[in-house]
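Examining the three-dimensional arrangement
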Amino acid sequence: MDQYAVFGNPIGHSKSPMIHTFFARQTAQNISYQAILAPTDGFDSAVTEFFQQGGKGCNVTVPFKEEAYRFADQLSPRAKIAGAVNTLKKLDDGGILGDNTDGEGLVQDLLLHGVRLQGKRVLLLGAGGAARGALLPLLDQNPAELVIANRTESKAHQLAELAKAYGPVSGCGYGEVKPEPVDIIINSTSASLSGDLPPIPAEVVSQDTVCYDMAYGQGDTAFVAWAKAQGSKYPLDGLGMLVAQAAESFAIWRGIKPGTKTVLGELRRNLGQR
Ligand code: NDP
């Protein structure tokens, strides 16, 4: 049985074992998938041991995504831009490939909800690891413009500079966000985790604006609740992104892409969302 795992600290909350076990059953793949708590200063040795003992691949979550980036022998272009890796795979020559499926998970979840990015005006809130991971997959969809707004304005500019070869991207602080409707707002800040909101003008939301929060939890996140209060008909949380990024990792490891709908429904029931 091929072995896979997720490394993080903490890791008890991780939904990845449930998701991948579900995918394996659905696609009739004979794999095991476990959650491994790595010491905060011991990621490299924990992962090295895992691969030495025959592990085929793993996911990597907080706080090890940057260490996984340095651990990999080869990097995908999207992992290079992200500066972070959430998926490691042992290659036939024994080397380790590092990839980042978070952004593709976001795009796939948007597509699953019928949201296309081509020709759209997109406002990306935040310039941390999740925003970096999303940049290339978002620009690959050919939006008309992608504005990155961040509390620390310099980080938004840096990120825009890094990605400008890939599409029409610019950076700004929240104060410079134009008070006019955009097509899609993606909240990649961790503000929702503390019930906060990035201070953007309410006018950016029309009833047709898709408002996507990468965060998720029981009930509405602060951003989803705000989007609903502004009249958006399309408020979405990040649970679908979580499942879709897992499906991308599974496909990298096993060469077969599982469906995401059923396991997403299962997770929503677990969270008491419906
Ligand atoms: P980082 O710590 O790398 O970045 C945090 C970002 O949030 C920064 O841009 C930071 O701004 C901003 N921020 C934090 N607090 C506030 C606040 N109170 N007001 C405004 N901005 C704030 O985190 P990640 O990028 O790794 O994660 C961000 C979010 O994305 C989390 O909620 C995480 O759970 C979610 N996520 C979801 C995934 C999924 O599969 N659904 C996958 C990955 C992440 P500044 O630069 O000024 O500090």
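Everything numeric in this text was worked out from a predicted model, so none of it was measured.

Take the side chain of N86 next. Tracing the chain through its elements places N86 in the loop between α4 (77-82) and β5 (87-90). Judged by relative accessible area, N86 falls into the buried class, the value being 2%. Reaching out from N86, the side chain makes a polar contact with the side chain of D102 at a distance of 3.1 Å. A polar contact is formed between the side chain of N86 and the side chain of Q245, at a distance of 3.2 Å. Every residue in contact with N86, bar those within four places of it in the chain, is listed here: C58, N59, V60, K65, D99, N100, T101, D102 and Q245.

Sequence positions flagged by UniProt for "active site" (unreviewed entry) are, in local numbering, K65. Tracing the backbone shows K65 in helix α3 (residues 65-71). Those residues within four positions of K65 in sequence are excluded, and the remaining contacts are V60, A84, V85, N86 and D102.

Our next topic: unusual backbone geometry. Glycine aside, residues mostly have negative phi, and peptide bonds are mostly found in the trans state. Looking along the chain, the bond that leaves N9 and enters P10 is cis, with omega of 5°. Tracing the sequence through the fold places P10 in the loop between β1 (2-8) and α1 (16-27). In the segment running from V62 into P63, the intervening peptide bond is cis, with an omega of 5°. Notably, A28 is not glycine yet its phi reads approximately 55°, a positive angle. Structurally, A28 is set in the loop between α1 and β2 (31-37). Phi at N142 is positive, roughly 60°, even though this residue is not glycine. Inspection of the secondary structure puts N142 in the loop between α6 (129-139) and β8 (145-149).

Right, let's get into the site of the ligand. Inspection of the region around the ligand gives 22 residues, with G129, A130, N150, T152 and K155 positioned closest. Within the backbone of A127, one N or O atom sits 3.0 Å away from an oxygen atom of the ligand. One nitrogen or oxygen atom from the side chain of R151 is found 3.0 Å from an oxygen atom belonging to the ligand. Under a 2 Å grid-point criterion requiring more than half of the atoms, the pocket assigned to the ligand is the largest pocket. Listed by contribution, the elements that provide at least two residues to the shell around the ligand are α6 and α9 (239-254). When its residues are assigned to classes, the shell around the ligand shows 10 nonpolar, 9 polar and 3 charged.

Before going further, it helps to spend a moment on the sheet that holds strand β12 (residues 234-236). Spatially, β9-β8-β7-β10-β11-β12 is the arrangement adopted by the 6 strands of the open sheet, whose pairing is parallel. Looking at which strands have only one partner, the edges of the open sheet turn out to be β9 (169-172) and β12. Geometrically, the sheet is characterised by an average inter-axis angle of 15° between neighbouring strands, direction not taken into account. One ladder, built from 5 bridges, connects strand β7 (residues 121-125) with β8; its direction is parallel. In the sheet register, R121 faces β8, and the bridge partner there is E145. Contacts between helix α7 (residues 153-163) and the sheet are confined to β8 and β9, with β9 contributing the most and set at about 170° to the helix. Running at roughly 165° to strand β11 (residues 210-213), helix α8 (residues 222-229) makes contact with β7, β10 (184-187), β11 and β12 of the sheet.

Moving on: the domain arrangement of the protein. Along its sequence, the protein is carved into domain 1 (2-100 + 240-270) and domain 2 (103-237). The C-alpha centroid of domain 2 is placed 25 Å from the C-alpha centroid of domain 1. Taken together, the contact pairs 15 residues of domain 1 with 16 residues of domain 2. Summed over both sides, the interface of domain 1 with domain 2 buries roughly 1500 Å², with 65% coming from carbon and sulfur. Of all residues in domain 1, R78, I81 and M241 give up the largest surface area on contact with domain 2, accounting jointly for 43% of the area buried on that side. Inspection of the region where domain 1 meets domain 2 yields 1 salt bridge. Close ionic contact of R268 with D237 constitutes a salt bridge, the shortest N to O distance being 3.1 Å. The interface formed by domain 1 and domain 2 holds 5 residue pairs in polar contact (both at pLDDT 80 or more) in total. Elements represented by at least two residues in the side of domain 1 that touches domain 2 include exactly α4 and α9.

Of all hydrophobic cores here, the largest spans 27 residues; its most connected members are L106, L110, L138, I148 and I186. If you list the elements that add at least two residues to this core, you get α5 (102-112), β7, α6, β8, α7, β10 and β11. Broken down by element, this core gets its largest block of residues, 5 residues, from α6. Apart from the residues within four sequence positions on either side, L110 is in contact with V115, L117, I186, V210, Y212 and L236. Core analysis: the next-biggest nonpolar cluster, separate from the first, contains 21 residues, I19, F23, A246 and I252 among them.

Parameters and conventions
Residues numbered from 1 in each chain as written. Predicted model: local features only at pLDDT ≥ 70, side-chain atom pairs only at ≥ 80, totals over all residues. Heavy atoms only, no water. Helix = DSSP H or I, 4+ residues; strand = E, 2+ residues; numbered from the N terminus. Buried < 20%, exposed > 50% of the residue type's maximum accessible area, 1.4 Å probe, protein only. Polar contact = N/O pair within 3.5 Å; in protein donor to acceptor, adjacent residues only side chain to side chain. Contact = heavy atoms within 4.5 Å. UniProt positions renumbered as here; feature names shortened; annotations may be inferred. Near = heavy atom within 4 Å. 1 Å grid on protein atoms, 1.4 Å probe; cavity = no way out; pocket = protein on both sides within 12 Å on 5 of 7 lines; lining within 4 Å. Sits in = over half its atoms within 2 Å of the grid points. Nonpolar A, V, L, I, M, F, W, Y, C, P; charged D, E, K, R; others polar. Pairing = 2+ DSSP bridges. Axes fitted to C-alpha atoms, helices over the stretch in contact; angles between N-to-C directions. Domains from an automatic or database assignment. Buried area = accessible area lost by both parts, 1.4 Å probe. Salt bridge = Lys/Arg side-chain N within 4 Å of Asp/Glu carboxyl O. Core = buried A, V, L, I, M, F, W, Y, C linked by side-chain atoms within 4.5 Å.

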